[in-house]
Amino acid sequence: MKPRILVSRAVFPEVISRLAGHFEVDDNQADVILGVEGLKVRLADKVGALTAATDPLTAAVIAAAPKLKAVCNFAVGYNNIDLAACSGAGVMATNTPGVLDDTTADLAWALLMATARRLPAAERWLRNGEWKGWEFVQWLGTDVHHATLGILGMGRIGQTVARRALGFDMKVIYHKRTPLAAETEAACRATWVDKATLLRESDFLVLLLPYTPENHHLIGAAELALMKPTAHLINVARGGIVDDEALISALRQRRLCGAGLDVYEGEPKFNPGFLELDNVALTPHIGSSSRATRMAMAMTAADNLIAALSGQRPPNLLNPDVLA
Ligand code: 8YV
């Protein structure tokens, strides 16, 4: 009998077929959100699972799955997984780094351009039939070229965003705890600055760091107050890094010029205050959402699960202590 696994969300049929070659698959192609209780039920008899960043793999869920050996997120972020609980229960956890860098960097740029040039509000205005004629001072935006791009969290995706700035002749500054190696900095044409300088000098500040308890509300009222009133904030990382209430207040009072957001506190619900603002570009957590990249993410997660359940070390193991 093949080992039983769960695929917690709807994925491409090709992914199910690949897994079915190795496992007996309990899929969720109906895409019902399982939540804590649903996961407890569906994982009770499983040795492995392909999971999404929307699945809460809490200590209680892990405890309710006594046969579980591996959970493989099809996401690079893994703040949905209690890694300590996994290690304690002998469960390997994996993610999908690398395969979504370019696609997520592209969306960061799309949101940056959209908020800079006020695309969502201008399009709404046009669609509403409000365009009565061309005017010299209509829909003035912010120039992207030759501006200063700031990146907070300069990992793989941050570096990919930085490299795209060359074509816009931008100055690139970044902050992360440990500065990059000199040759990596040179490849990104980026300069390390402290966090306060990053906030003060960026015309466009892109957040690209993981959500951890330490990063909760890393950008709040005090940080937003340091930013230029002409600046724009772009978040394609995780909700919770930004204090959304403080951001809405800064945008409403034009203490900040604009924002491009793909992630929110409490997704999929989010603060309705955003909907009243005309200086935001909003997308529904689609950073990695191209067909090719979502396929690569799911196949990477499948590779990890196949390796983990065949006695090998999965390529993207997050909790190596589990092997000790
Ligand atoms: C995922 C993401 O698509 O990989 C991540 O961390 O945020 C996205 O690429 C999303 O989390 C759903 O799994």
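Each value, and the rule that gives it
Residues numbered from 1 in each chain as written. Predicted model: local features only at pLDDT ≥ 70, side-chain atom pairs only at ≥ 80, totals over all residues. Heavy atoms only, no water. Helix = DSSP H or I, 4+ residues; strand = E, 2+ residues; numbered from the N terminus. Rg over C-alpha atoms; globule rule 2.2 N^0.38 Å. Buried < 20%, exposed > 50% of the residue type's maximum accessible area, 1.4 Å probe, protein only. Core = buried A, V, L, I, M, F, W, Y, C linked by side-chain atoms within 4.5 Å. Contact = heavy atoms within 4.5 Å. Domains from an automatic or database assignment. Buried area = accessible area lost by both parts, 1.4 Å probe. Salt bridge = Lys/Arg side-chain N within 4 Å of Asp/Glu carboxyl O. Polar contact = N/O pair within 3.5 Å; in protein donor to acceptor, adjacent residues only side chain to side chain. Nonpolar A, V, L, I, M, F, W, Y, C, P; charged D, E, K, R; others polar. Phe/Tyr/Trp six-rings, centres within 6.5 Å; stacked < 30°, edge-to-face > 60°. Lys NZ or Arg CZ within 6 Å of the ring centre and 35° of its normal.

Before going further, it helps to examine the overall build of the protein. When its secondary structure is counted, the protein shows twelve helices and twelve strands. A compact globule built from 324 residues should have a C-alpha radius of gyration of about 20 Å, and the protein, at 21 Å, falls within 12% of that. Principal axes of the C-alpha set define a box for the protein whose edges measure 70 × 50 × 30 Å. Buried positions account for 49% of the 324 residues belonging to the protein.

Formed by 31 residues in total, the largest nonpolar core has its most connected members in L149 and F204. Going through the elements one at a time, helix 5 (101-116), strand 6 (148-152), helix 7 (156-163), strand 7 (171-175) and strand 9 (204-207) are the ones with two or more residues in this core. If one sorts the elements of this core by residue count, helix 5 sits on top with eight residues. In this view, F204 contacts L112, A116, T142, D143, V144, A147, T148, L149, G150, M170, H232 and I234; residues no more than four positions away in its chain are not counted.

With that out of the way, let us pick up the domain arrangement of the protein. Split into domains, the protein comes out as domain 1 (4-98 + 291-323) and domain 2 (101-282). Taken together, the contact between domain 1 and domain 2 spans seven residues of the former and five residues of the latter. Together, the buried faces of domain 1 and domain 2 total about 510 Å²; carbon and sulfur atoms form 43% of this surface. Together, N79, G98 and T293 form the three largest contributors to the area buried by domain 1 at its contact with domain 2, with a combined 69%. Run the count over domain 1 and domain 2 and you get zero salt bridges. Connecting domain 1 to domain 2 are three residue pairs in polar contact (both at pLDDT 80 or more). A per-class count over the side of domain 1 that touches domain 2 returns three nonpolar, four polar and no charged.

A separate point is the packing of aromatic side chains. All chains considered together, the criterion is met by six aromatic pairs. The interplanar angle of 65° and the centroid separation of 5.9 Å between the aromatic rings of Y264 and F274 together place this pair among those described as edge-to-face. Remark: F274 occurs in the loop between strand 11 (258-261) and strand 12 (280-282) and Y264 occurs in the loop between strand 11 and strand 12; sequence separation between them is ten residues. Of the two residues, Y264 and F274, both sit in the buried class. An aromatic cluster is present here, built from Y264, F270 and F274 joined pairwise through their rings. One residue, R291, lies across the ring of F12, its end atom 4.6 Å from the ring centre.

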